[in-house]
Amino acid sequence: SAVISQKPSRDICQRGTSLTIQCQVDSQVTMMFWYRQQPGQSLTLIATANQGSEATYESGFVIDKFPISRPNLTFSTLTVSNMSPEDSSIYLCSVGQGFNEQYFGPGTRLTVT
Amino acid sequence: AQSVSQHNHHVILSEAASLELGCNYSYGGTVNLFWYVQYPGQHLQLLLKYFSGDPLVKGIKGFEAEFIKSKFSFNLRKPSVQWSDTAEYFCAVNANDYKLSFGAGTTVTVRA
């Protein structure tokens, strides 16, 4: 499976600011995804990061709040904009490989004060 | 859209005990089924998966799961747990489109 890294691993941010999370894969992959795991809850898909085109967002998530870039087949960024304490979560990047399988990065733990 | 429910929020058991975690999904079409595990301080790892064929699938570390289509279930089992199986376990499904829907997760604590 692909090796996935994320930066930063954790951060504490002030409300109203933005944070960009990076996801790097050690091989070219077609499908990349961003998930959120709020405290005590399960993972929720934010969007599919499409290479060369706009990301595809799930219901409840919008581009203005979570802009995503995918400049090539090994890298993607997720920005959490105008943060509030409700955005405190773990944000995970994943890649699709094989037959509908996904592999996950280590996650970025974000705390908004 | 698919939804996934896991019956147990927290399971506590002793080493060598048997483990079974329930997972039910709701979706009328063909699904792919997964169990992921997250050990303390580590990232999410794929434990096992079912796409088609034999409904009893074996994964890593002695885990297995059985797909029962009539019950929309995909329960995870291990005959004899170890302390190192302490982790959070997530059931997930997708419908041939990579997008995963996750259950709420079950925290398993194994006492030595």
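These notes cover the structure that comes with them. This one's a predicted model, so the numbers in the text were calculated from it and none came from an experiment.

1. Quick word on the pattern of salt bridges
Taken as a whole and judged by the stated rule, the model has seven salt bridges over all chains. With a closest N to O distance of 2.7 Å, K49 of chain B and E101 of chain A form a salt bridge. Of the two residues, K49 of chain B is situated in strand β6 (residues 45–50) and E101 of chain A in strand β10 (residues 101–104); the pairing between them involves two chains. Beyond isolated ion pairs, a larger network of salt bridges with shared partners links K58, E64, E66 and R77 of chain B.

2. Points about the layout of surface pockets
Looking at the largest pocket, its volume works out to about 540 Å³. Around the largest pocket, the lining comprises 27 residues; the ones closest to its centre are Q37, I90 and R109 of chain A together with Q38 and Q42 of chain B. Mapped onto the lining of the largest pocket, the elements with two or more residues apiece are β9 (89–97) and β11 (108–112) of chain A. With four residues, β11 of chain A is the single largest residue contributor to the lining of the largest pocket. For the lining of the largest pocket, a count of residues per class yields eight nonpolar, 16 polar and three charged. Estimated volume of the second largest pocket: approximately 240 Å³. Forming the boundary of the second largest pocket are eleven residues, of which L45 and E58 of chain A together with Q2, L100 and S101 of chain B lie nearest the centre. Counting residues per element, the ones that place at least two in the lining of the second largest pocket are β5 (43–49) of chain A together with β11 (101–102) of chain B.

3. Details of the interface of chain A and chain B
Counting from both sides, the interface comprises 20 residues of chain A and, opposite them, 19 residues of chain B. A buried area of about 1700 Å², summed over both sides, lies between chain A and chain B, and 58% of it is on carbon and sulfur atoms. Inspection of the region where chain A meets chain B yields two salt bridges. E58 of chain A is paired through a salt bridge with K99 of chain B; the nearest N and O atoms lie 3.2 Å apart. Secondary-structure elements contributing two or more residues to the side of chain A that touches chain B are β4 (31–37), β5, β9 and β10 of chain A. Split by residue class, the side of chain A that touches chain B holds nine nonpolar, nine polar and two charged.

Conventions used here
- Residues numbered from 1 in each chain as written.
- Chains lettered and ligands numbered in written order.
- Predicted model: local features only at pLDDT ≥ 70, side-chain atom pairs only at ≥ 80, totals over all residues.
- Heavy atoms only, no water.
- Salt bridge = Lys/Arg side-chain N within 4 Å of Asp/Glu carboxyl O.
- Helix = DSSP H or I, 4+ residues; strand = E, 2+ residues; numbered from the N terminus.
- 1 Å grid on protein atoms, 1.4 Å probe; cavity = no way out; pocket = protein on both sides within 12 Å on 5 of 7 lines; lining within 4 Å.
- Points joined across faces, edges and corners; volume = space filled by probe spheres on them.
- Nonpolar A, V, L, I, M, F, W, Y, C, P; charged D, E, K, R; others polar.
- Contact = heavy atoms within 4.5 Å.
- Buried area = accessible area lost by both parts, 1.4 Å probe.

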